[in-house]
Structures are given as C-alpha cells and as structure tokens.
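# Coordinates in review
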Amino acid sequence: MTAVPANSAPNPDPANSASPDSARLWIRNPLAAFTANGLDAGGGLVIENGVIAEVLAAGQAPAEPCAETFDASAHVLLPGLVNTHHHFYQTLTRAWAPVVNTPLFPWLKNLYPVWARLTPADLELATTVALSELLLSGCTTAADHHYLFPDGLEQGIDVQVEVVRKLGMRAMLTRGSMTLGEDDGGLPPQQTVQPAAVILADSERLIRHYHERGDGAVIQIGLAPCSPFSVTQGIMRDSAAMAQEHDVRLHTHLAETMDEEAFCLDMFGLRTVDYLESVGWLGDRTWLAHGVHFNDAEIARLGAAGTAVAHCPTSNMRLASGIGRMAELEDAGSPVGLGVDGSASNDASNLILEARQALYLQRLRYGAEAITPERALGWATKGSARALGRTDIGELAPGRQADLALFRLDGLRFSGSHDPLSALLLCGADRADRVMVAGNWRVIDGTLPDCDLPELISRHTAAARKMMAG
C-alpha cells in the first residue's frame, strides 16, 4: 500500500455535490438552528470556499448576492456532529451472542481472539460501514481508536486514511497499542500485543506521513495506548513524550469500570487519575474514553488540567459500567464530548442517537432541568471538537468550516411535535437528510451518493461471518 502524503486533497466530489470553490451558497431560513454558541442562525448560513462566510439572523439577507440557494425551511440545522471515540473494526462483531450479557472484562476476554483474525480487507469494510453509518447520522468528523495490529495488519491506519478520504469526512485516527499481555498480568492474549519499539516507530511514521495541522485539517493522528490493563507504564510515558515532541494528542480508556480501578490499585498501587499523572498524561493534550468512575477530587484535578472526556452513554449502559459525572466534569473545566464507542458495545454508529442517550442518562444523575437538549447537542458538537483540540469545527460561526447536518421532521415519529430542536432528541431522529463537509454535500436526501449500500452490506456481512467462523 502506498502512503498518501499529508495535506493531499480528498477524492473528487460525488455528483450533485457543491465544490468548496463554487459560488456563494445560501442555506436559507431553517426551521430551527442550533449554533452551539448563541448566535442566531434563523436566516441561515452563507457558505463560500468551504467555510461559513455569514451567519444570518432571522429576517436577515446575505451581505452579497449568492448564486445558489438551498431552501432549509423544512430542516433543523446543526453543526456537523463530532464523534470522539470509536473502534471502527468492531462493526464486524455486533450483537454476538456469547458477549451480549457480559460486563467489560469477560466481554473483552471473549472477543480478543476473534479480533486477532482481523485482516486489511476486513478493516477496510468495517471502517467504511462505521463511517457511512456515522455520516448518515449527521456526523462529519470521527475519532477512531485502533489498537489491533495482528500479523499482516501493520498498515491498518493507512487503510483507514484511504477510507476517510474516499468518503470525504474528517478523522482523528489514533495509533493505538497493547503491550501488556496475559503472560505479564494484562488482559489481551499474547498474539495481540506488540513491542514498544515497533509501536513508537509506526507512530512516528504515521504522524510524519498523515498528520495535518491548522483549520480545515482532514486527517489528524493521535497516540492511543489502549488501557491500563493492556499497556505498560513505559509505553504510556514514551507516547506522552512523542506527543509532546510532535504536538499531537493523546487518547486512552480510563475509569470505565470498577474492575479497572481495582486492576490499577493491584498492578500499580494507584487509582486511575494518579496513574494518569504518574505517566505524564494529566494535561490538556489528553482526552479520555468513558471516565465513569472519578471521585470529587479527581474531577477537580481533571478539570484544572483541562483533560477532556469522551462520554459513551450507550456503551456504558450496554456493559453496565455506570453513569459518568459529565456535568460536574464540564463545570470543573474538562471539555466533554460524545462517542458512540465500538460497534461491539453500542452496537450502532449513530451519533444523533448517542446525543439522545446522553440526554436521558445524564438526567438520571442530575435531573431534567440541568441536562437540556441544547446541552446534549453541545456535547455532540462544540464539546466534542474541543476534546479533539479543534476550534474550526463543532459550531456555526463565520470562519468555521462548512460542516453541517440538516434533519427533516416530517416523519411519523415527529408528528405532533412543537419545538423542532427538542424534537430531534426527544422524538428520536436517527438519520440526517443532508450532510455537508467543507462545503461539499456528502449526504443528499438521506443517501450517500455513489455508494451501493446493499452491496456494501453484503460484503461486510460475509466478512463478519467469516471472522466468526475462524
């Protein structure tokens, strides 16, 4: 496989898409709009050269003529949703009977040997399915945590880069790792772990080949040792040093279950946040997956450090891991974003539904008044962008990237609803009608242009069955 140089352009746009070099486009008079910043977008947006040129208040017209107009009067307009935690490869192992009713540790122990069979072709299909599903749910940027590199899959991240570019999305692709196998007291089987030298060499290669910086970045690379129970302290420290040297972000699972807390105490003699600090990760370069089990003092420390958390409510409910304290983390200073998590513990890749789950799960902890639809949507947009270290996406404002999601409310599930913005979550919107990335329409009339979905499903299903059969 040939590596694609950093900053190269995505594939050509599909038919009927708007090029970022096209004339000014007015997305006019939406039914409702959530900007994630308090701006009034009742009159819509003007898009020019892939960027939001104007945010128009209700009744306002563009400052200059627009050659194209899109009537959004039947649509609720949002910033493109941002997914902060996923495992794309897991779309091949959804709803597998042996792990349907298990918590995290036995769930992992059963699945690791299956996942060890992953091939490049499997990963390409799994990534395509995950990203397609996300895109149809209104997601425009996705972070993936890929930590499985069995023999033959040494260029797994390269495979993912090609799929992201083909679909025209943005991605934070993290070079995950596992170094602590069963022989050394960890959870993963030995055939799934790698030497630290191999991990660090590939991490540096990926950063140099693919990591893009600045506004409009399409591909970014992060470093992501998997979890306290699957990596050594050494690879955590070395990854932190490399991230500092190359100015990239750090990601790992932390405080997902009480079993993990017990493991850290037994293995390292430290609670999870103490462990994080001991390896040089307690800072604003880091975002953590889950963050369910933090005490008051740990929340204060994470907030003071600016360490972000990816809330994965469906996965936390599916594995009975617990209810994270997201409002308190956010109030303390930690950016809070949303993640669908892997498709073997969700088992979907749908970010607008994840916002609904976050709304309801966090209300169980904090009450209805504290957790509004707007707060949940803020986690799915601006909060998620902050977790990934980005300020050019996640909100509707002049100068931000033209990454948008538009939802129609004319389905049966919305009949009788009155507040369009609340209806998205309360009535269960699950599919966007239009999605734009960098000024290009990537979803049109609820479909992916140039994608033969039945054919993709057929190939993906065959690969999933083959993987299970061994």
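Positions within a chain are numbered from 1, following the residues in the order the chain's sequence is written. Per-residue local features are limited, in this predicted model, to residues with pLDDT of at least 70; the limit for side-chain atom pairs, both in listing and counting, is 80 or more; totals at the level of whole chains, interfaces and linings are taken over all residues. Side-chain numbers come from the whole structure's heavy atoms, not from hydrogens or water.

## A look at the overall build of the protein chain
- Numbered from the N terminus, helices here are DSSP runs of H or I no shorter than four residues, and strands are runs of E no shorter than two. Per the secondary structure count, the protein chain includes 14 helices and 17 strands.
- Rg of the C-alpha trace for the protein chain: 21 Å, near the compact-globule value of 23 Å for 470 residues, within the 12% margin.
- Seen through its C-alpha atoms, the protein chain measures out along the principal axes to roughly 65 × 50 × 45 Å.
- Going through the 470 residues of the protein chain one by one, you find that 60% of them count as buried.
- Considering only contacts within the protein chain whose residues lie at least 6 apart along the sequence, 76% involve residues at least 24 apart. Each radius of gyration reported is based on C-alpha atoms, and the globular scaling rule is 2.2 Å times the count of residues to the power 0.38. With a 1.4 Å probe rolled over the protein chains alone, any residue whose accessible area is under 20% of its type maximum counts as buried; one over 50% counts as exposed, and the rest are partly exposed. Two residues qualify as a contact provided that any one of their heavy atoms is within 4.5 Å of a heavy atom in the partner residue.

## Digging into the pairing of strand β17 (residues 440–443)
- Examined bridge by bridge, strand β16 (residues 434–437) and β17 share three bridges and lie antiparallel to one another. Across the sheet, Val437 pairs through a bridge with Asn440, a residue of β17.
- Note: two strands are recorded as paired if DSSP finds a minimum of 2 bridges between them. Here β16 hands over to β17 after two residues, with Ala438 in that stretch at a positive phi of 55°.

## So, empty space enclosed by the protein
- Residues are said to line a cavity or pocket when one of their atoms sits within 4 Å of a point; the points come from a 1 Å grid over protein atoms alone, cavities being sets where a 1.4 Å probe fits but cannot get out and pockets being open sets with protein on both sides within 12 Å along at least five of seven lines. Grid points are joined across faces, edges and corners, and a volume is the space filled by probe spheres set on the points. The final tally for this structure, using the stated rule, is two cavities of 30 Å³ or more.
- By volume, the largest cavity amounts to about 130 Å³.
- Leu104, Trp107, Leu108, His253 and Glu256 are the residues nearest the centre of the largest cavity, which is lined by 18 residues in total.
- Element by element, the count of residues in the lining of the largest cavity is highest for helix α1 (residues 104–115), at four residues.
- Any residue outside Ala, Val, Leu, Ile, Met, Phe, Trp, Tyr, Cys, Pro, Asp, Glu, Lys and Arg is labelled polar, Gly included; the first ten of those are nonpolar and the last four are charged. In the lining of the largest cavity, the residues fall into eight nonpolar, eight polar and two charged.

## Quick look at the environment of Pro30
- Counting through the fold element by element, Pro30 comes out in the loop between β1 (25–28) and β2 (32–33).
- Residue classification places Pro30 among the buried positions, given a relative accessible area of 9%.
- Residues contacting Pro30, with those up to four places away along its chain left out, are Ala41, Gly42, Gly43, Gly44, Ala72, Ser73, His75 and Leu77.

## A look at the confidence of the model for the protein chain
- Each residue carries a pLDDT score, the predictor's confidence in it, ranging from 0 to 100. Mean pLDDT for the protein chain: 94, with 95% of residues reaching 70 or above.
- In the predicted structure, residues 1–21 sits below a pLDDT of 50 and forms 51 contacts with residues beyond four places in sequence or in another chain.

## Digging into the sheet that holds β1
- Here four strands make up an open sheet; going across it, the order is β4-β3-β1-β5 and the pairing mixed. In this open sheet, the two edge strands, each paired with only one partner strand, are β4 (51–56) and β5 (68–71). Averaged over all adjacent pairs, the angle separating strand axes in this sheet is 20°, with direction ignored.
- Pairing of β1 with strand β3 (residues 44–48), which is carried by four bridges, proceeds in the antiparallel orientation. Note that in β3 the partner of Trp26 across the bridge is Val46. The angle between two axes is taken between their N-to-C directions and runs from 0 to 180 degrees, where each axis is a line fitted to C-alpha atoms and a helix contributes only its stretch in contact.

## A few points about the sheet that holds β2
- Sheet architecture is open: five strands sit in the order β2-β6-β15-β16-β17, paired in mixed fashion. The open sheet is flanked by β2 and β17, the only strands paired with a single partner.

## Thoughts on the side chain of Asp347
- Along the chain, the position of Asp347 falls in the loop between β14 (336–338) and α11 (351–366).
- With relative accessibility at 18%, the residue Asp347 sits in the buried group.
- Of note is the side chain of Asp347, whose polar atom sits 2.7 Å from the backbone nitrogen of Ala95.
- For this analysis, a polar contact is any N or O atom pair within 3.5 Å, provided that within protein one partner can donate a hydrogen and the other can accept it, and provided that sequence-adjacent residues contribute only side-chain to side-chain pairs. Side chain to side chain, Asp347 and Arg318 meet in a polar contact 2.5 Å long.
- Setting aside chain neighbours within four positions, we find Asp347 in contact with Arg94, Ala95 and Arg318.

## Digging into the packing of aromatic side chains
- Classification of ring pairs rests on two measures: the distance between centres of Phe, Tyr or Trp rings, Trp counted by its six-membered ring, which must be within 6.5 Å, and the angle between planes, read as stacked under 30 degrees, edge-to-face over 60 and tilted in between. In the structure shown here, the tally under the stated rule is nine aromatic pairs.
- Judged by centre distance (4.7 Å) and plane angle (25°), the rings of Phe268 and Tyr275 are stacked.
- One aromatic cluster is present, built from ring pairs that chain together Tyr89, Trp107, Tyr112, Trp115 and Tyr147.
- Directly above the aromatic system of Phe149 lies the positively charged group of Arg175, at a separation of 3.8 Å from the ring centroid.
- Counting as a charge over the ring demands two things of the Lys NZ or Arg CZ atom: a distance within 6 Å of the ring centre and an angle within 35 degrees of the ring normal. A cation over a ring is seen here: Arg434 above Trp441, with NZ or CZ 4.8 Å from the ring centre.

## Side note on helix α12 (residues 373–387)
- One fewer than the residue count of a helix, multiplied by 1.5 Å, yields its expected span. Under the 1.5 Å per step criterion, the end-to-end length of α12 is 20 Å for 15 residues, consistent within 8% with the ideal 21 Å.
- When you tally the buried positions in α12, you get 12 out of 15 residues, the bulk of the element.
- Inspection of α12 places Pro373, Arg375, Ala376, Leu377, Gly378, Trp379, Ala380, Thr381, Gly383, Ser384, Ala385 and Ala387 among the buried residues, and these make up the whole buried set.
- Phi turns positive one or two residues past the end of α12, at Gly389, with a value near 80°.

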